[in-house]
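Working through the structure, step by step
One-letter residues, chain by chain:
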Amino acid sequence: FEFEEEGDERSGVAWQVLHEGLVAEFPELAHQLKSKIEAAGVNWLWPYQKEALIELMLKPTGAIAAWEQGTGKARLAITLALLSGRGLVCVESGLIPEMIRELRKLKLPESLWQVIDSPAKTKQLRAINLISYHRLKAGVGPGSRKTMAHLLRRRASVVVADEGGILSNPGS
């Protein structure tokens, strides 16, 4: 965005829109994705979340949704995983119960989701698969160098990382 003295009549603030976004650039694809969202029964997103979801889905190599706290990132993560057919949602250990509450609040059947807490659960992935970062990095057995991340490698259609900074290399 570029600051402009006169402002943008659409928003009432002094910003000029430089790029309308992928939804405007690819309206046919955006419409197909909107239909997919509706067909999946996703009725829990606010309009701005739905548009952001479509925008994210139009980016095949990845994207970042850096929203403020309390703006629906958990619901966005759940929806991305659900629509992918086999999504992995990675969160801090303390957030697993919160994600479970959110899934139950949305009344999603437990046949669609699971918490991966053992190597056995990596064999049968569901549409939404929750795992903590701690569990993801954990070994699969005593003395094993193989981690849960190894077992899940290339198995998910979408990986949603909550608090992505945790994934960074502190030495880089």
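The structure we're discussing is the one just above.
Read on for a plain summary of the structure. The structure displayed is predicted, hence computed values, not measured ones. (Residues numbered from 1 in each chain as written. Predicted model: local features only at pLDDT ≥ 70, side-chain atom pairs only at ≥ 80, totals over all residues. Heavy atoms only, no water.)

1. What about the packing of helix α2 (residues 27–39) against helix α3 (residues 47–57)?
The angle between the axes and the distance between the axes are what describe a pair of packed helices. Running from N to C, α2 and α3 cross one another at 120 degrees; their axes reach a closest spacing of 10 Å. When the axes of α2 and α3 are compared, the crossing they make is right-handed. Each of Ala30, Leu33, Lys34, Lys36 and Ile37 in α2 lies in contact with α3, whose residues at this interface are Lys50, Leu53, Ile54 and Met57. Looking at the contact of α2 with α3, its residues break down into 6 nonpolar, no polar and 3 charged. (Axes fitted to C-alpha atoms, helices over the stretch in contact; angles between N-to-C directions. Helix = DSSP H or I, 4+ residues; strand = E, 2+ residues; numbered from the N terminus. Left-handed = near helix turned anticlockwise from the far one by under 90°. Contact = heavy atoms within 4.5 Å. Nonpolar A, V, L, I, M, F, W, Y, C, P; charged D, E, K, R; others polar.)

2. Here's the deal with the side chain of Thr147
With respect to the element layout, Thr147 can be found in the loop between α6 (133–137) and α7 (148–152). With residues up to four places along the chain from it excluded, the contact list for Thr147 reads Leu136, Lys137, Ala138, Gly139 and Val140.

3. A few points about α2
Between its first and last C-alpha, α2 extends 18 Å over 13 residues, near the 18 Å set by a 1.5 Å rise per residue. For α2, the full list of buried residues reads Ala30, Leu33 and Ile37. In an axial view of α2, the angular spread of the buried residues amounts to 65 degrees, which keeps them on one side of the axis. Facing away from the buried side of α2 by more than 90 degrees, the exposed set consists of Glu28, His31, Gln32 and Ala39. Close packing links the buried residues of α2 with α1 (22–25), α3 and α4 (73–84). Gly41 lies just past α2 and shows a positive phi near 80 degrees. (Expected span 1.5 Å × (residues − 1). Buried < 20%, exposed > 50% of the residue type's maximum accessible area, 1.4 Å probe, protein only. Arc of directions from axis to C-beta.)

4. Examining unusual backbone geometry
The phi dihedral of Lys107 falls on the positive side, at around 60 degrees, and the residue is not glycine. If you trace the backbone, Lys107 turns up in the loop between α5 (96–105) and β4 (113–115). One non-glycine residue, Arg154, lies in the positive phi region at around 60 degrees. Of note, Arg154 is situated in the loop between α7 and β6 (158–161).

5. What about the pattern of salt bridges?
Per the counting criterion, the structure on display carries 4 salt bridges. Glu102 is the salt-bridge partner of Arg75, the closest N and O atoms lying 2.5 Å from each other. On the criterion of sequence distance, the pair formed by Arg75 in helix α4 and Glu102 in helix α5 is long-range, its members being 27 residues apart. Overall, Arg75 belongs to the partly exposed group, its relative accessible area being 22%. For Arg104, the salt bridge is made with Glu110, and the minimal N-O distance between the two is 3.4 Å. (Salt bridge = Lys/Arg side-chain N within 4 Å of Asp/Glu carboxyl O.)

6. Some details on the sheet that holds strand β5 (residues 128–132)
Ordered by their spatial adjacency, 4 strands build an open sheet running β4-β5-β3-β6, and the pairing between neighbours is parallel. The open sheet has two edge strands with one neighbour each: β4 and β6. Mean inter-strand twist for the sheet, computed between neighbouring axes without regard to direction, equals 20 degrees. Sheet topology note: the strand β3 (residues 87–91)/β6 ladder contains 4 bridges and is parallel. The residue bridging Cys90 from the neighbouring strand is Ala161, located in β6. (Pairing = 2+ DSSP bridges.)

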